[in-house]
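Fold and contact review
Each chain, letter by letter, is given below.
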Amino acid sequence: MTLPDVRQFRERSVTADGFCENVEGMLLKWLIEYLDSHQAKEEVIDYAYDYWIYWIEKLGRFLQQPVEPCKSLHDWFIL
């Protein structure tokens, strides 16, 4: 993945308020479907949902910061 790839991802998935609602919705829909398909208990679903919301918000704020060249892709996603 290149710096332009990372910039393009940010442009498509991040707004001034954080993650695009569409991207956030897709991630949360996948989570609920995954947990439901594994017959997770409601308490586990509630916890996982809250956990994902926390990290989606944190990642959205992080991705709003300017992109700077890094040595590796991993450096772009360190929170």
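Everything below is about the structure printed above this text.
A brief report on the enclosed structure follows. Each chain carries its own residue numbering, running from 1 in the direction its sequence is written. Totals for whole chains, interfaces and linings use all residues, but because this is a predicted model, local features are given only for residues with pLDDT of at least 70 and pairs of side-chain atoms are given and counted only at 80 or more. Hydrogens are left out, water is left out, and the side-chain values use all remaining heavy atoms of the structure.

Right, let's get into helix α3 (residues 42-63). Taking 1.5 Å of rise per residue, the 22 residues of α3 would be expected to cover 32 Å, and the 31 Å separating its terminal C-alpha atoms lies within 8% of that figure. Burial classes: relative accessible area under 20% of the type maximum marks a residue as buried, over 50% as exposed, and values in between as partly exposed (1.4 Å probe, protein chains only). Going along the chain from the N terminus, every DSSP run of H or I of four or more residues is numbered as a helix, and every run of E of two or more is numbered as a strand. Within the span of α3, buried status applies to Ile 45, Ala 48, Ile 53, Ile 56, Gly 60, Phe 62 and Leu 63. Any helix carries an expected span of 1.5 Å times its number of residues minus one.

A patch is a set of surface residues, each over 30% in relative accessible area and not in a salt bridge, joined within 9 Å for like charges and within 5 Å for the nonpolar side chains Val, Leu, Ile, Met, Phe, Trp and Tyr. Note on areas: these come from Shrake-Rupley sampling with a 1.4 Å probe, and a residue is covered only by the protein chains present in the view. Put simply, a salt bridge is a Lys or Arg side-chain nitrogen that is within 4 Å of an Asp or Glu carboxyl oxygen. Think of it this way: Lys and Arg go in the positive column, Asp and Glu in the negative one, and His and the chain ends go nowhere. Note that the charge is assigned to NZ on lysines, CZ on arginines, CG on aspartates and CD on glutamates. A surface patch of like charges, here negative, comprises Glu 42, Glu 43, Asp 46 and Asp 50. In this fold, Asp 46 is placed in helix α3.

Time to look at the pattern of salt bridges. Counted according to the given criterion, the structure contains one salt bridge. The salt bridge partner of Lys 29 is Glu 33, with a shortest N-O separation of 3.7 Å. Of this pair, Lys 29 and Glu 33 are both found in helix α2 (residues 21-37), four residues apart, which corresponds to roughly one turn of the helix. By relative accessible area, Glu 33 is classed as partly exposed at 44%.

Taken N-terminus to C-terminus, the directions of α2 and α3 make an angle of 155°; their axes are 11 Å apart at the nearest point. Between α2 and α3, the interaxial angle falls into the category roughly antiparallel. Crossing handedness for the pair α2 and α3: right-handed. Facing α2, whose interface residues are Glu 24, Leu 27, Leu 28, Trp 30, Leu 31, Ile 32 and Leu 35, α3 presents Ile 45, Ala 48, Tyr 49, Trp 52, Ile 53 and Ile 56. To obtain each axis, a line is fitted to C-alpha atoms, and for helices this fit is confined to the stretch in contact; angles are then taken between N-to-C directions over 0 to 180 degrees. Any angle from 65 to 115 degrees is called roughly perpendicular, while one under 35 is roughly parallel, one over 145 is roughly antiparallel, and all others are oblique. In this scheme, a crossing is called left-handed if the near helix is turned counterclockwise away from the far one by less than a right angle; it is called right-handed if the turn is clockwise. In what follows, a contact means two residues having at least one pair of non-hydrogen atoms within 4.5 Å.

Classification of ring pairs uses Phe, Tyr and Trp, with its six-membered ring standing for Trp, and accepts pairs whose centres are within 6.5 Å; under 30 degrees between planes counts as stacked, over 60 as edge-to-face, and the remaining range as tilted. In the structure shown here, the tally under the stated rule is five aromatic pairs. Here the aromatic rings of Trp 30 and Trp 52 are separated by 5.7 Å at their centres, their planes lie at 25°, and the arrangement is stacked. In this pair, Trp 30 is assigned in helix α2 and Trp 52 in helix α3, connecting sequence segments 22 residues apart. An aromatic cluster of at least three residues, connected via ring pairs, comprises Tyr 47, Tyr 51, Tyr 54 and Trp 55.

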